[in-house]
Amino acid sequence: MNAFLISTAIVALAEIGDKTQLLAFLLAAKFRRPWPIVLGIFAATVANHAFAAALGSWLTTLLGPQALRWVLGLSFIAMALWTLIPDKLDEGDARLPRLGVFGATLVAFFLAEMGDKTQVATVALAAQYQALAAVVAGTTLGMMVANVPAVLLGERIAQRMPVRLVHGIAAALFAALGVATLFGAGAALGF
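Residues numbered from 1 in each chain as written. Predicted model: local features only at pLDDT ≥ 70, side-chain atom pairs only at ≥ 80, totals over all residues. Heavy atoms only, no water.

Visitor: Teacher, can you tell me more about the overall build of the chain here?
Guide: Counting its regular elements, the chain contains eleven helices and zero strands. Walking the chain from its N terminus toward its C terminus, one meets helices and strands in the order α-α-α-α-α-α-α-α-α-α-α. Counting every position in the chain, which comprises 191 residues, the buried fraction comes to 47%. Restricting the contact set of the chain to residue pairs at least 6 apart, pairs at least 24 apart contribute 90%. Only carbon and sulfur atoms are counted for the fraction: they give 71% of the accessible area of the chain, which is about 9,200 Å². (Helix = DSSP H or I, 4+ residues; strand = E, 2+ residues; numbered from the N terminus. Buried < 20%, exposed > 50% of the residue type's maximum accessible area, 1.4 Å probe, protein only. Contact = heavy atoms within 4.5 Å. Areas by Shrake-Rupley, 256 points an atom, 1.4 Å probe, with all protein chains shown as cover.)

Next comes the structure, spelled out in structure tokens:
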């Protein structure tokens, strides 16, 4: 249960102001059809994060416990720093294929999420918890918690969201996970 809850919280917080959330705003403004967009985001996230979690689980077979602890601890601390850097939506991310609303969202979100901080976090969380299904479910729920309101409410919530505060909280969670992992304190807490 820890893997699911922590994965959900970290990704939901890290996604606020992320380029994929900016993409969700863009898609909602362009198409004005929220449900195919939401379904496209869900499908893209499940596919992308399942791949990332599988990679994280595979990494645990390559590294010994001590090396894995250091790699994960330092990765979580790096994620804390990365979370504090504001994202911008590149023009390349905004190009939409002519595949309909669902298809455009699926392709755009899947590609935008490649190498994104939430995908990297999914790799690290899967390696940390070794609970692939719980991590994928949690990170997917976190993405939906952050992006569904962006699609449904758009600009009305974008202007009111304290993005810096939310990023600070996400960075603090990543840093706490990193420190706990490095010092072995995380084992007692389930990470």
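Visitor: Would you mind going over the environment of Ala12 with me for this structure?
Guide: Among the secondary structure elements, Ala12 is positioned in helix α1 (residues 2-15). Note on Ala12: relative accessible area 14%, which makes it buried. On a C-alpha basis, the gap between Ala12 and Thr140 in space is 9.0 Å, while along the polypeptide they are 128 residues apart. The residues contacting Ala12, other than those within four sequence positions of it, are Gly142, Val145 and Ala146.

Visitor: Just checking my understanding: could you explain the packing of helix α2 (residues 19-31) against helix α8 (residues 132-153) for this structure?
Guide: Between two packed helices, both the angle of their axes relative to each other and the distance between the axes serve to describe the pair. Following both chains from N to C, one finds α2 and α8 inclined at 30 degrees, their axes separated by 8 Å at the closest point. On the basis of their axis angle, the class for α2 and α8 is roughly parallel. In the crossing of α2 with α8, the sense of the turn from one axis to the other is right-handed. The residues of α8 that touch α2, namely those facing Thr20, Gln21, Ala24, Phe25 and Ala28, are Met143, Ala146, Asn147, Ala150 and Val151. (Axes fitted to C-alpha atoms, helices over the stretch in contact; angles between N-to-C directions. Parallel < 35°, antiparallel > 145°, perpendicular 65-115°, else oblique. Left-handed = near helix turned anticlockwise from the far one by under 90°.)

Visitor: Can you help me understand the nonpolar core in this one?
Guide: Taken as a class, soluble globular proteins show a tendency for nonpolar side chains to be buried jointly. Formed by 18 residues in total, the largest nonpolar core has its most connected members in Leu23, Ala24, Leu27, Ile37, Ile41, Phe109 and Val151. Of all the secondary structure elements, the ones that give two or more residues to this core are α2, α3 (34-62), α6 (100-113) and α8. Once you skip the residues sitting within four places of it in the chain, Val151 turns out to touch Ala24, Ala28, Pro34, Ile37, Val38 and Ile41. Listed in part, the 13 residues of the second largest apolar core include Phe76, Ala124, Ala127 and Val135. (Core = buried A, V, L, I, M, F, W, Y, C linked by side-chain atoms within 4.5 Å.)

Visitor: Any chance you could explain unusual backbone geometry here in plain terms?
Guide: Peptide bonds are trans in most cases, and residues, glycine excluded, mostly fall at negative phi. Non-glycine residue Gln130 carries a positive phi angle of around 50 degrees. Position of Gln130 among the secondary structure elements: in the loop between α7 (117-129) and α8.

Visitor: What exactly am I supposed to notice about the packing of α1 against α8 here?
Guide: Axis separation between α1 and α8 bottoms out at 7 Å; the angle between their running directions is 35 degrees. For α1 against α8, the interelement crossing comes out right-handed. Contact with α1, carried on its side by Ala3, Phe4, Ser7, Thr8, Val11, Ala12 and Glu15, involves Ala134, Val135, Ala137, Gly138, Thr139, Leu141, Gly142, Met143, Val145, Ala146 and Asn147 of α8 and no other residues of that element. Looking at side-chain class alone, the contact of α1 with α8 contains eleven nonpolar, six polar and one charged residues. (Nonpolar A, V, L, I, M, F, W, Y, C, P; charged D, E, K, R; others polar.)

Visitor: Sorry if this is basic, but what is going on with a nonpolar patch on the surface here?
Guide: Residues Phe51, Leu55, Trp58, Leu62, Leu63, Val71, Leu111 and Met114 make up a contiguous nonpolar surface patch of roughly 750 Å² in combined accessible area. Element by element, the count of residues in the nonpolar patch is highest for α3, at four residues. Relative to the elements of secondary structure, Phe51 occurs in helix α3. (Patch = residues over 30% accessible without salt bridge, like charges linked within 9 Å, V, L, I, M, F, W, Y side chains within 5 Å. Salt bridge = Lys/Arg side-chain N within 4 Å of Asp/Glu carboxyl O.)

Visitor: I'm lost on the environment of Pro149 in this one. Help?
Guide: Positionally, Pro149 belongs in helix α8. Judged by its relative accessible area of 29%, Pro149 falls in the partly exposed class. C-alpha of Pro149 to C-alpha of Ala24: the two residues are 125 residues apart in sequence and 9.4 Å apart in space.

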